[in-house]
Amino acid sequence: MTNLILLSFLRQRPMHGYEIQQLIQASRMDLWTNILSGSIYYALNKMESDGLIAATAEERTGARLRKIYSITDEGEKLFQQMIRETLTLPPHTVKSDFSLGLVWIENIPKEEAVELLEQNLKQVEESLAQWRSGKEIKGQYGLSKIALATFDNAISILEQDIAFLHKIITLVQE
């Protein structure tokens, strides 16, 4: 996922790692991709050594020297291949560490289980609010039909997760 994201940015224009990190944060992509700044720099170094990107310039800012990367022909080929691979994956999976935890939920005190589930519920509700806000903000600049469908799908899944958590909390409290 990290390579796909980085290559997509570098297809737009040459950039340095910090600029890519800022674009990821500004677009709120970090909320749904789990991409961390450390993984950005690790991936850039690895992709450079693999010949997928090349440092085409350097920029000095104070004491820092930043490499500016461009995508190579090999990087473009990998980008195209990765898009094709991701389109064959299921949009979501039912595999879940949460579901695994539910199997053994009765092994911890009921009050603690409810408290943890309510914590989880609060996080999912906050995520839902962020997705709704993101849809509204990005909608002001125009969203493609595919982007709109993606927002609607994520919002729907989060709403279902909230309903599921409410149900599990009620069942645990019985």
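Looking at an unreviewed UniProt entry, one finds the protein chain named PadR family transcriptional regulator and attributed to Paenibacillus lautus.

K.L.:
When you look at the packing of aromatic side chains in this model, what are you seeing that I'm missing?
P.N.:
The geometry of two aromatic rings is summed up by the distance between their centres and the angle between their planes. Counted by the stated rule, this structure contains 2 aromatic pairs. Here Phe-98 and Phe-164 contribute two aromatic rings whose centre-to-centre distance is 6.1 Å and whose plane-to-plane angle is 75 degrees, an arrangement assigned as edge-to-face. With Phe-98 in helix H6 (residues 97–103) and Phe-164 in helix H8 (residues 145–173), this residue pair connects regions lying 66 residues apart in the sequence. Judged by centre distance (5.4 Å) and plane angle (70 degrees), the rings of Trp-131 and Phe-151 are edge-to-face.

K.L.:
Would you explain the packing of helix H2 (residues 17–26) against helix H4 (residues 37–49) in this entry?
P.N.:
The description of two helices packed together rests on the angle between their axes and the distance between the axes. Relative orientation of the contacting elements H2 and H4 amounts to 140 degrees, with a least axis distance of 10 Å. Between H2 and H4, the crossing angle belongs to the class labelled oblique. The handedness of the crossing between H2 and H4 is right-handed. Contact residues: H2 offers Gly-17, Tyr-18, Ile-20, Gln-21 and Ile-24, while H4 offers Ser-37, Ile-40, Tyr-41 and Leu-44. Tallied by class, the residues present in the contact of H2 with H4 amount to 6 nonpolar, 3 polar and no charged.

K.L.:
What is the right way to look at the domain arrangement of the protein chain in this model?
P.N.:
Interfaces are frequently sized by the accessible area removed from exposure as the parts join. Segmentation of the protein chain into domains returns domain 1 (1–88) and domain 2 (97–173). One C-alpha centre belongs to domain 1, the other to domain 2, and the line joining them spans 30 Å.

K.L.:
What exactly am I supposed to notice about the UniProt feature "domain: Transcription regulator PadR N-terminal" (unreviewed entry) in the protein chain here?
P.N.:
Using the residue numbers shown here, the UniProt feature "domain: Transcription regulator PadR N-terminal" (unreviewed entry) corresponds to residues 6–80. This span, residues 6–80, is 56% helix and 23% strand, and a straight line between its end C-alpha atoms measures 13 Å.

K.L.:
Would you explain the nonpolar core in this entry?
P.N.:
In a soluble, globular protein the nonpolar side chains are often hidden away together inside. Counting residues in each nonpolar core, the largest one holds 20 residues, and the members touching the most others are Ile-20, Ile-24 and Leu-44. Where this core is concerned, the elements lending two or more residues are helix H1 (2–12), H2, H4 and helix H5 (73–86). Ignoring anything within four residues of it in the chain, the contact list for Ile-24 reads Ile-5, Phe-9, Met-29, Asp-30, Ile-35 and Ile-40. In this structure, Leu-102, Val-124, Leu-128 and Ala-154 belong to the second largest nonpolar core, which totals 18 residues.

K.L.:
Hey, could you run me through the pairing of strand S2 (residues 64–71) in this one?
P.N.:
A regular strand places its side chains so that they alternate between the two faces of the sheet. Pairing of strand S1 (residues 53–61) with S2 involves 8 bridges; the strand directions are antiparallel. Bridging across to S2, Ala-55 finds its partner in Tyr-69. Counted along the chain from S1 to the antiparallel partner S2, the turn is 2 residues long, and its residue Gly-62 has a positive phi close to 65 degrees.

K.L.:
How should H5 be read in this particular structure?
P.N.:
One turn of an α-helix holds 3.6 residues; hence residues three or four places apart share an orientation. With 14 residues, H5 should cover 20 Å at 1.5 Å per step; its first-to-last C-alpha distance of 20 Å lies within 8% of that length. Taken together, the buried residues of H5 touch H1 and S2.

K.L.:
I tried to follow the packing of H1 against H5 on my own but got confused; where do I start?
P.N.:
Where H1 meets H5, the closest approach of the two axes is 10 Å, and the angle between their N-to-C directions is 130 degrees. Taken as axis vectors, H1 and H5 run oblique relative to one another. Our pair here, H1 against H5, has a crossing hand that is left-handed. Contacts from Asn-3, Leu-4, Leu-7, Ser-8 and Arg-11 of H1 reach H5 at Gly-75, Glu-76, Leu-78, Phe-79, Gln-80, Met-82, Ile-83 and Thr-86. Here the residues of the contact of H1 with H5 are counted per class, giving 6 nonpolar, 5 polar and 2 charged.

K.L.:
Got a minute to help me understand a nonpolar patch on the surface in this structure?
P.N.:
Taken together, the side chains of Leu-100, Val-103 and Trp-104 define a hydrophobic patch exposed on the protein surface, amounting to about 330 Å² of accessible area. For Trp-104, the position within the fold is in the loop between H6 and helix H7 (110–139).

K.L.:
I'm lost on the environment of Arg-132 in this one. Help?
P.N.:
Secondary-structure assignment places Arg-132 in helix H7. Classification of Arg-132 as partly exposed rests on a relative accessible area of 42%. When the C-alpha atoms of Arg-132 and Glu-19 are compared, they prove to be 26 Å apart, with 113 residues separating the residues in sequence.

Rules behind the numbers
Residues numbered from 1 in each chain as written. Predicted model: local features only at pLDDT ≥ 70, side-chain atom pairs only at ≥ 80, totals over all residues. Heavy atoms only, no water. Phe/Tyr/Trp six-rings, centres within 6.5 Å; stacked < 30°, edge-to-face > 60°. Helix = DSSP H or I, 4+ residues; strand = E, 2+ residues; numbered from the N terminus. Axes fitted to C-alpha atoms, helices over the stretch in contact; angles between N-to-C directions. Parallel < 35°, antiparallel > 145°, perpendicular 65-115°, else oblique. Left-handed = near helix turned anticlockwise from the far one by under 90°. Contact = heavy atoms within 4.5 Å. Nonpolar A, V, L, I, M, F, W, Y, C, P; charged D, E, K, R; others polar. Domains from an automatic or database assignment. UniProt positions renumbered as here; feature names shortened; annotations may be inferred. Core = buried A, V, L, I, M, F, W, Y, C linked by side-chain atoms within 4.5 Å. Buried < 20%, exposed > 50% of the residue type's maximum accessible area, 1.4 Å probe, protein only. Pairing = 2+ DSSP bridges. Expected span 1.5 Å × (residues − 1). Patch = residues over 30% accessible without salt bridge, like charges linked within 9 Å, V, L, I, M, F, W, Y side chains within 5 Å. Areas by Shrake-Rupley, 256 points an atom, 1.4 Å probe, with all protein chains shown as cover. Salt bridge = Lys/Arg side-chain N within 4 Å of Asp/Glu carboxyl O.

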